[in-house]
Structures are given as C-alpha cells and as structure tokens.
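# Inside the fold
Below, each chain spelled out in residue letters.
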Amino acid sequence: MISQHIVEEVLQEAKRKDATAADLILIENELVTAQVRLRETETLRSAKEVRLGLRLFFGKRSATSSTSDLSRESLAQLVEDTTVLAKATAHDECSGLPAAEECAKSLPDLHLYDPDGEALTVKDQIDRARTAEDAALSYDSRITNSEGAEFASNLYRVIYGSSQGFLGEYRGSTFSLAVTPIASSEDGMQRDHWYSRARHLGAMEPPEAIGKRAAERALRRLGARKIKTQEVPVIFDPETSANLMRIFCSALFGPALYRGASFLIDKLNDRIAAESVSVYDDGTLPGHLGSKPFDGEGLPTRRNAIVENGVLRSYLIDSYSARKLGMKPTGSASRGAGDSPTPWPTNFYLQSGPYEPTEIIRSVDAGLYVTELIGFGVNLVTGDYSQGAVGYWIEKGELTYPVEEITIAGNLKEMLLGIEMVGNDLTFRSSVVAPTLKIRRMTVAGH
C-alpha cells in the first residue's frame, strides 16, 4: 500500500539536493480485464501497478522522471538522477509550480470510489462479459458472429505532493463493459458495438441491455448504401457529437494556443458558436468519470464555463500555459507519472437543449444522421474538418436506410456557428459528452 510518507521523504531528499521546488505524483492501479468471444473466455489480464513521478526545479531549469521501484535506495537514486537531468536542461522562464495560495485548501468527497469493486471476482467479470455477448448473439438469427465482449475494472489511488506545502490523495474506480456483434445478410456483414462505463457498478447498464443494444445497432446497418456527393443538414447522435466535442476541446488547450496551433487563438469573448451552444468543463460533479478533487498540480478542480450562449469564455490551461499566455490556470492540469502536467478536460459537456432527438430528425427533409466517425482528418489551425462516416439517410423527417463509405466535411468555425438544434438527451457515458445536435449544412461526399 502506497502512503503519503513516501511523498514526504522524497520531497525532503529533493530539498537536501538544493532543489528550489519539487512535486511528485504517486499512482497505484489495480487493473483487471476479462475478454470473451463466442461465449468462450479469450483473455484475462490482471495487473497491479505503482508509479512515482518526480519533477525537480533548480531555478528555471526542470526535469521529470519516474520509477516503479519504491525502495529507499531507488528513490534516492531517482532524486539524484533527476537532479542531474534538471541541471542539464535549458532555462525556461515559464517553468515552476503554481503559487502556494492557488493550491486546494480542502478536498471534497466526490464519490469516485466504489468499494464493491474490491469484491468483484474474475468469475464475476467473465460472467458479465459473457452475458452481454450472449444477449447480442441470441437477439436475432442474423447476428452470426462476434468480435467479443470485454469487462474491465480499475481501482486506483492518487497521491500528489509539492514543496509548496500541498499534500493530498483520493481513490477512484472505473468499470466498463463493451460488446461488438457482427450481423450478416445477403447484402454482406456489418459490425457495431455498445458499451457502458461508470465509477460505480450499480450505475452501469445491465449486461443484457448492452448486448441487446449492440445487436440492434449492428442489425440496422445491414443493407447500407452509398449516396451521391451533396450539401445537406447533418445530425450527429450523442456518440458522434461527443467526438466533435473532443476535437473542439483539443483546440482549447494551452499548448495549442501558445504554439499557434488552434483556430481559437485570440477568440476569448468572441461569438464562436450558435447562441444555443453552452459548453462546460466541471471536475466537481459527484460520481462522474472525469471528476477529481484536485488537478495534476494540486489546484482545486472547478466548473469552467467554456462557451456561454455561443461566446467563448475560457480555455483549458495549466500553470505553465498560463505563464506563457499571461493568463490564470483553470485547474485543468493532468499528469501521468512520467510526464509533466498538461491541460486535459475533466467532465467536458455540451449542455442539453430543448429538442427531442425525434423532433430534430423530423426537421430535416433530406440529410444525414451520423452514428459513427472514422479516422481523424482535422486541421486545428484552420478548423478544416473531414472524417469518414457511417449513418442513416433522412428523407421527409424519417430515417430511411443505412449509408456507408461516405465522408463529411466542413470547417469547425462554420460548423459551430451552424448548430441549429441541440437535443435534450445528454448522458454522461464518458468524460467528454454531448447530446444529439444538428448542423445546418455540411458536404457529404459519396460517389
């Protein structure tokens, strides 16, 4: 069991080496993965991992290193080696820790850990995966094969301490179950998937429901057609609109801004999206997948208003980016053991709108309903956007037939401003989420 005592000892050793500042993160993971395919157990993985990441500063020079050996001798050597590295690196005027007064003063209980996960056996995990896959395979005779089902659990603990006097820890758990069935007909084969992910076992969808939903999604893709290239309204379902939010999110990160690699540079307080669009990043939501009481630099997480009624209000910034940009950090730093902190979303979401998804579909005379995006064809500097897509053709307000082998293209600036309708079906299934949304017009390239 890792303890705060290790953190305190390493910080003291860093002080003895005359480091002007230091911080470290200690991460303990207990990961279990169970995969089944065609009702047979295919893979079992179980791993307990501990990693310690140390960052030392000597004036404006710094270095980061990590180890999984927590013996006293190993940690002393880690401090020594990191000291040598730090003194050999270039001076960087923006390097340093956040100010002590910015660090979290209290750590709220955000209900991130489910102790029931400790009693979850490997057999339980295999049974859940098998039940989900069996529900898919049994749903319809046209479900003829499967890429398998996987149940995964992660019980973890994070301790962070710095020479600024901050020392905090929290525990967390995540559980996920996914299944990918294959449907067949005279037209060929189609695959699709469904999944559930949550911090608490009781918050997950039942395995039977996951399998059934995956089968339905695979079956409705049978008989997919190609369509002609045209400009039409495009509706993104919640899974694909979340993909759009992830792309948008990456343009908000501090490093993208100070490197000149974002179409959102110098756009604060400008209208960048339709008035119906409000986006938030909130690390304080109890029990949510992206929540945590403090970020990777010991700053309290918070609710950041990113876009309010179409107007850009905030970026996502760690303390290094803040110094580079002349701004304040937003409590958005994330850090692995071997890495320096970098901005990352917590619970990043497009706020629900007033429309039922069926109402949004009914508003389209001819257009595309997207259910899967393929590849990554986005230029964050210009906003140019192009991705492969799968979905359903809409005619006279109804989904008529599945379509595939198409590409949708546009520009993120125009797409955000062109959001006409936002659905009321927001569900926090991951840490970046969005409801159904309709974009006025995009190019759909077929044949």
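What comes next is a walk through the structure.

This brings us to unusual backbone geometry. The phi dihedral of Asp266 falls on the positive side, at around 60°, and the residue is not glycine. Assignment of secondary structure puts Asp266 in the loop between helix H6 (254–258) and strand S9 (279–282). A residue is classified by how much of its surface remains accessible, and Asp266, at 69% relative accessible area, is exposed.

This paragraph deals with the sheet that holds strand S11 (residues 311–312). Taken in spatial order, the five strands make up an open sheet running S11-S10-S9-S14-S19, and their pairing is mixed. If you trace the sheet from one side to the other, it starts and ends with S11 and strand S19 (432–433), each paired once. In terms of strand pairing, strand S14 (residues 348–350) meets S19 through two bridges, oriented parallel. Along S19, the bridge assignment pairs Phe348 with Val432.

Right, let's get into the environment of Val32. Tracing the sequence through the fold places Val32 in strand S1 (residues 21–37). Through-space distance from the C-alpha of Val32 to that of Lys123 is 11 Å; in sequence the pair is 91 residues apart. Beyond its immediate stretch of four places on either side in the chain, Val32 contacts Arg45, Ser46, Val122, Gln125, Phe151, Ala152 and Ser153.

Structurally, Asp237 can be placed in the loop between strand S8 (230–236) and helix H5 (238–250). At 4.3 Å, Arg217 is the nearest oppositely charged side chain to Asp237, a buried residue that forms no salt bridge. Apart from residues lying up to four places away in sequence, Asp237 is in contact with Arg217, Tyr369, Val370, Thr371 and Thr436.

With that settled, consider the nonpolar core. Across soluble globular proteins, nonpolar side chains show a tendency to be buried alongside one another. By size, the foremost hydrophobic cluster in this structure holds 52 residues, and its most contacted members are Phe236, Phe248, Phe348, Tyr385 and Ile408. Ranked by size, the runner-up nonpolar core spans 27 residues in total, among them Leu120, Ile126, Ala136 and Leu219.

Conventions adopted
- Residues numbered from 1 in each chain as written.
- Predicted model: local features only at pLDDT ≥ 70, side-chain atom pairs only at ≥ 80, totals over all residues.
- Heavy atoms only, no water.
- Helix = DSSP H or I, 4+ residues; strand = E, 2+ residues; numbered from the N terminus.
- Buried < 20%, exposed > 50% of the residue type's maximum accessible area, 1.4 Å probe, protein only.
- Pairing = 2+ DSSP bridges.
- Contact = heavy atoms within 4.5 Å.
- Lys, Arg positive; Asp, Glu negative; His and termini not counted.
- Salt bridge = Lys/Arg side-chain N within 4 Å of Asp/Glu carboxyl O.
- Core = buried A, V, L, I, M, F, W, Y, C linked by side-chain atoms within 4.5 Å.

Keep in mind these numbers describe shape, not what the thing actually does.
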